[in-house]
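These are the residues of each chain, in order.
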Amino acid sequence: MIKACKFGGTSMADGTNFLRVKEIVEGDEARRYIVVSAPGKRYSGDSKVTDLLLSAHEELLKTGRLGASFGRVRERFLHIVLEIGLKIDFGRILDETAQEIEAERSEAFTASRGEYLAGRIMAELLGVPFLDAREVIRFCGDRFDGETTYTILREALKSKKRAVVAGYYGADETGRVRTFSRGGSDVTGAIVARAAGAGLYENWTDVSGFLACDPHIVPSPARIEALSYKELRELSYMGANVMHSESIFPVREAGIPIRICNTFRPEDGGTYILPKPQESEEGRPVTGIAGKKNFTVIFLEKSLMNAEIGFAYRALEVLMRHGISFEHMPSGIDTMSFVIDSEQLKGGALEQIEAEIGAAVRPDRITSFDNIALLAVVGHGIHGNVGTSARLFRAIARAGVNVRMIDQGSSELNIIVGVDNEDYERTVRAVYEEFFK
Ligand code: ASP
């Protein structure tokens, strides 16, 4: 089996970590294709190389020359090379890079140099070929071009026993460098895994996988050993931020499993993200709990609403006109509510929208309340498992929390509970206790 491995910014932050990565890669022959991020923070308060490069680009635009920020990038890379004892003239490579940045004057090109330089060092350290993403990851305009990329990349990888690929960027049909959005090395890792026909995509980071809930709320919660792509989507959408579900579309399409691993504790089991749900060993119906604060609920009531054709359509049309997206839309026979991230309703937008919905659907009553937190209880085990919601609401009641809203999708993959912001932490603790203790 082939494994594609992506190492994140903290795994590349300094020379010691580069050596750790080498040990991990060489510890398993299957780890053939390595994707690297740019060096991240070494300690809290430190800067990520990508951020320094973005500042370098600003300085270049202002003064016409690279300035102090690029100087810091230079130092970081020279220090890494020194720490790992590589005998290469990296000063020369940095000089060439600086010249290219000044000539190209493109934000994407400048931002991509963190991955490029880190990749060159890693390839040298491992003694394997370096693949510049400019040659093998193709964009069409600013969109990733899968068809062309897979053809080129498959060919480039085929003949190589091992290789390092720089994450985060590629080039369009004219050869101009383009980047994915921030954190985009995850995408490159997934693309490489797919092109290589990998049996596993290992995503190496600085945590030992997904936790069943936020460790700031429950100290040392259980680690999730396995979750499905769908559960990942639910949990990451609701704020669990180890890895974003959007970034793994290439492996999801190909059904390749992912494993989240910790570079600093490789012995930990990590979390597997699998194409299909797996029966939890403990027979738990719930896989994880996530949530977010600060939602506003707009509540509408109108008798005989159920018989009025187009009621929801007219109300939603108002939201669409204002460019507002809603998270949930729980409804009753004569009631309907829209749950919306409060950020979107600032500066008088809420009052305006309420007035327009009022005019569009003439409800008997329209009100809104804010400071609502949403808690998502996620798990394939909820489906067809009699009593899960009873347990959930009993636990919340025992904690003395008033439930403001409930939404259960008919897929039964999650139950969403709305509570007051101030009850959020208490609710998470109570639900965790119920399902994981
Ligand atoms: N270095 C890029 C960033 O910080 C990409 C990545 O690390 O995934 O966003």
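Going by the structure above, here's the rest.
Residues numbered from 1 in each chain as written. Predicted model: local features only at pLDDT ≥ 70, side-chain atom pairs only at ≥ 80, totals over all residues. Heavy atoms only, no water.

Caption draft 1: Quick peek at the site of the ligand. Close contacts around the ligand come from Ser37, Ala38, Thr50, Glu115, Tyr168, Arg182, Gly183, Gly184 and Ser185, and that covers them all. Glutamate 115 has a polar side-chain atom sitting 2.6 Å from a nitrogen atom of the ligand. The separation between an oxygen atom of the ligand and a polar main-chain atom of glycine 183 is 2.7 Å. Considered on its own, the ligand offers 260 Å² of accessible surface; in the complex 92% of this is hidden by protein. Its residues assigned to classes, the shell around the ligand shows two nonpolar, five polar and two charged. (Near = heavy atom within 4 Å. Polar contact = N/O pair within 3.5 Å; in protein donor to acceptor, adjacent residues only side chain to side chain. Areas by Shrake-Rupley, 256 points an atom, 1.4 Å probe, with all protein chains shown as cover. Nonpolar A, V, L, I, M, F, W, Y, C, P; charged D, E, K, R; others polar.)

Caption draft 2: Summary view of the pairing of strand 9 (residues 200–205). Along strand 9, six of the six residues are buried, which leaves the element largely enclosed by surrounding structure. Of the two faces of strand 9, the one lined by Leu200, Glu202 and Trp204 and the one lined by Tyr201, Asn203 and Thr205 are each fully buried. One ladder, built from five bridges, connects strand 1 (residues 3–7) with strand 9; its direction is parallel. The residue of strand 9 that forms the bridge with alanine 4 is tyrosine 201. Where strand 9 and strand 11 (residues 258–262) come together, five bridges link them in parallel fashion. Opposite tryptophan 204, over in strand 11, you have cysteine 261 as the bridge partner. (Buried < 20%, exposed > 50% of the residue type's maximum accessible area, 1.4 Å probe, protein only. Helix = DSSP H or I, 4+ residues; strand = E, 2+ residues; numbered from the N terminus. Pairing = 2+ DSSP bridges.)

Caption draft 3: A look at the packing of aromatic side chains. On inspection of all chains with the given rule, the structure shows nine aromatic pairs. An angle of 45° between the planes, with centres 4.9 Å apart, marks the rings of phenylalanine 139 and phenylalanine 180 as tilted. Here phenylalanine 139 is found in strand 4 (residues 139–140), whereas its partner phenylalanine 180 is found in the loop between strand 8 (177–179) and helix 8 (185–195), with 41 residues between them in sequence. Under the relative-accessibility criterion, phenylalanine 139 is labelled buried at 2%. With a relative accessible area of 11%, phenylalanine 180 lands in the buried category. Measuring from ring centre to ring centre gives 6.0 Å for phenylalanine 144 and phenylalanine 180, while their planes differ by 55°; the resulting arrangement is tilted. (Phe/Tyr/Trp six-rings, centres within 6.5 Å; stacked < 30°, edge-to-face > 60°.)

Caption draft 4: Structural view of the sheet that holds strand 13 (residues 288–301). Spatially, five strands are ordered 14-13-15-17-16 in an open sheet, and the strand pairing comes out antiparallel. With one partner strand each, in any of the chains shown, strand 14 (335–341) and strand 16 (405–408) form the two edges of the open sheet. On average, each strand axis in the sheet is inclined to that of its neighbour by 35°, with strand direction left out of account. Two elements, strand 13 and strand 15 (residues 365–378), share eleven bridges in a ladder whose sense is antiparallel. (Axes fitted to C-alpha atoms, helices over the stretch in contact; angles between N-to-C directions.)

Caption draft 5: Highlighting the pattern of salt bridges. This model, assessed by the stated rule, comprises 29 salt bridges. Here lysine 293 and glutamate 425 are joined by a salt bridge, their closest N and O atoms 3.0 Å apart. Taken as a pair, lysine 293 in strand 13 and glutamate 425 in helix 14 (residues 424–436) lie far apart in primary sequence, 132 residues in all. Its relative accessible area of 34% is what places lysine 293 among the partly exposed residues. The salt bridge involving arginine 365 is made with glutamate 301; its shortest N-O contact spans 3.2 Å. Here the residue arginine 365 occupies a position in strand 15, and glutamate 301 occupies one in strand 13, the gap between them amounting to 64 residues. Glutamate 301 sits in the partly exposed class, given a relative accessible area of 29%. (Salt bridge = Lys/Arg side-chain N within 4 Å of Asp/Glu carboxyl O.)

In short, the description is geometric, and any link to function would need to be established separately.
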